[in-house]
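# Chains, contacts and geometry: an overview
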Amino acid sequence: MDPVLIPILVAAIVVVFLVASTVRIVPQARRYNIERFGRYRRTLQPGLNFVVPVADRINTKLDVREQVYSSDPKPVITEDNLVVNIDTVLYYQITDPRAAAYEVADYLHAIDQLTVTTLRNVIGSMDLEGTLTSREEINARLRTVLDDATGKWGIRVNRVEIKAIDPPHTIKEAMEKQMRAERDKRAAILHAEGERQAKILTAEGTKQKDILEAQGTQQAMILRADGEAKAVELVFQAVHRNNADPKILAYKYLETLPHLAKSDNNTFWVIPGELTEAVRAVTSAFGDQSTMGLPSPAQPEETTATDVDGAADEGGAPVLEASTAPSLDAAAAADEAAKQAAAAVSDAKAEAEAARSPQVPGRAQTSGD
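Presented here is a report on the structure given in the accompanying data block. These numbers were taken from a predicted model, which means no experiment stands behind them.

Rules used throughout
Residues numbered from 1 in each chain as written. Predicted model: local features only at pLDDT ≥ 70, side-chain atom pairs only at ≥ 80, totals over all residues. Heavy atoms only, no water. Helix = DSSP H or I, 4+ residues; strand = E, 2+ residues; numbered from the N terminus. Buried < 20%, exposed > 50% of the residue type's maximum accessible area, 1.4 Å probe, protein only. Contact = heavy atoms within 4.5 Å. Areas by Shrake-Rupley, 256 points an atom, 1.4 Å probe, with all protein chains shown as cover. 1 Å grid on protein atoms, 1.4 Å probe; cavity = no way out; pocket = protein on both sides within 12 Å on 5 of 7 lines; lining within 4 Å. Points joined across faces, edges and corners; volume = space filled by probe spheres on them. Nonpolar A, V, L, I, M, F, W, Y, C, P; charged D, E, K, R; others polar. Pairing = 2+ DSSP bridges.

Before going further, it helps to examine the overall build of the chain. Across its full length, the chain carries 12 helices and nine strands. Within the chain, buried positions represent 25% of all 369 residues. When contacts within the chain are restricted to residue pairs at least 6 apart in sequence, long-range pairs at least 24 apart make up 63% of them. Accessible surface, the chain as shown: approximately 24,700 Å² in total, 56% of it carbon and sulfur.

Pasting the structure below:
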């Protein structure tokens, strides 16, 4: 090889090395801190940059995008002397690469320690229940303290979140029991409310049912009374229109007497005071025929009872039964009234049959004989 070419090749290699050392290409969202002879010179921005070979060197390469840092659970004591483990998540961004590289040795470790001390100060003034229900307040206070402290480090804390709060195992069991008791209480209350509403609705339904039944009964009674009133009015009008004879009215009066003793439970019944007048009217209407049918007072008691039973079978006159033993005069008067009523009914029926058939008078005459 020619000895002249060797120095030329060496010079060319040196020139290429110097040119390569002069050019620095910085990627997007990156910042490079340049030191010249060990002293901070400047920060290279993204793109093509030129530096002095040998004199300038890159000290730190920083990422200015937003970063996420998750710390390990830290034990913290609450106001009611309970130890809880709190895990936080930190969102930060480097705003000043020079400060981040020269103001703090390890900004992540510094932020982590600052977060722990701030948490202990904040949680130490709260009880366990307040800690579990005040996450937003804790996050806001952490962010305020961290943002103020990391501002001089060239770091901006955008957000701090509490990822988990883990109380002791015994406290978890107690909380579960309390929650279960609260749920059982709410379930019992809801069940009681349901039963109460059901009873109220049942009572309302029963009330409405009774009211409707009472109204129905009332309407039925009103309609029945109206019907009976109209029936009585029609009968009254028919009687007055046809000018009924007092004989017929007396006969109808006597005809209704047997219905008073239809019930099997009746052992005592009272003869109305108008019976004598009705008998007298019927007797006066049929003349001596009524006397022919009346038994004489001198007849034996057995014969009187037989005649009364026969009359009851023919005309429906009731047999007088007394539940208590009356006096002799009252018994005689009752027997006499019964005999007269039976005879009057028998004579009235005989007269009616005689009016309908020519053979009946003969029979009546024969019975009179």
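Read on, since the account is not over.
In this section: empty space enclosed by the protein. Over the atoms rolls a probe the size of a water molecule, and in doing so it shows where empty space is left. Summed over all chains, the structure comprises two cavities of 30 Å³ or more. Quantified by volume, the second largest cavity comes out at close to 40 Å³. Taken together, Tyr-69, Ser-71, Thr-88, Leu-90, Ile-111, Asp-112, Thr-115 and Val-160 make up the lining of the second largest cavity. Within the residue set of the lining of the second largest cavity, elements represented by two or more residues are β8 (83–94) and α3 (107–123). Among the elements that make up the lining of the second largest cavity, the one with the highest residue count is α3 (three residues). Partitioned by chemical class, the residues of the lining of the second largest cavity number four nonpolar, three polar and one charged.

Side chains of strand β7 (residues 74–77) alternate between two faces, with Lys-74 and Val-76 buried and Pro-75 and Ile-77 left unburied. Where β7 meets β8, four bridges bridge the pair, whose relative direction is antiparallel. What sits directly across from Pro-75, in β8, is Asn-85. Counting the residues that bridge the hairpin from β7 to β8 gives five residues, and of these Asn-81 lies at a positive phi of roughly 60°.

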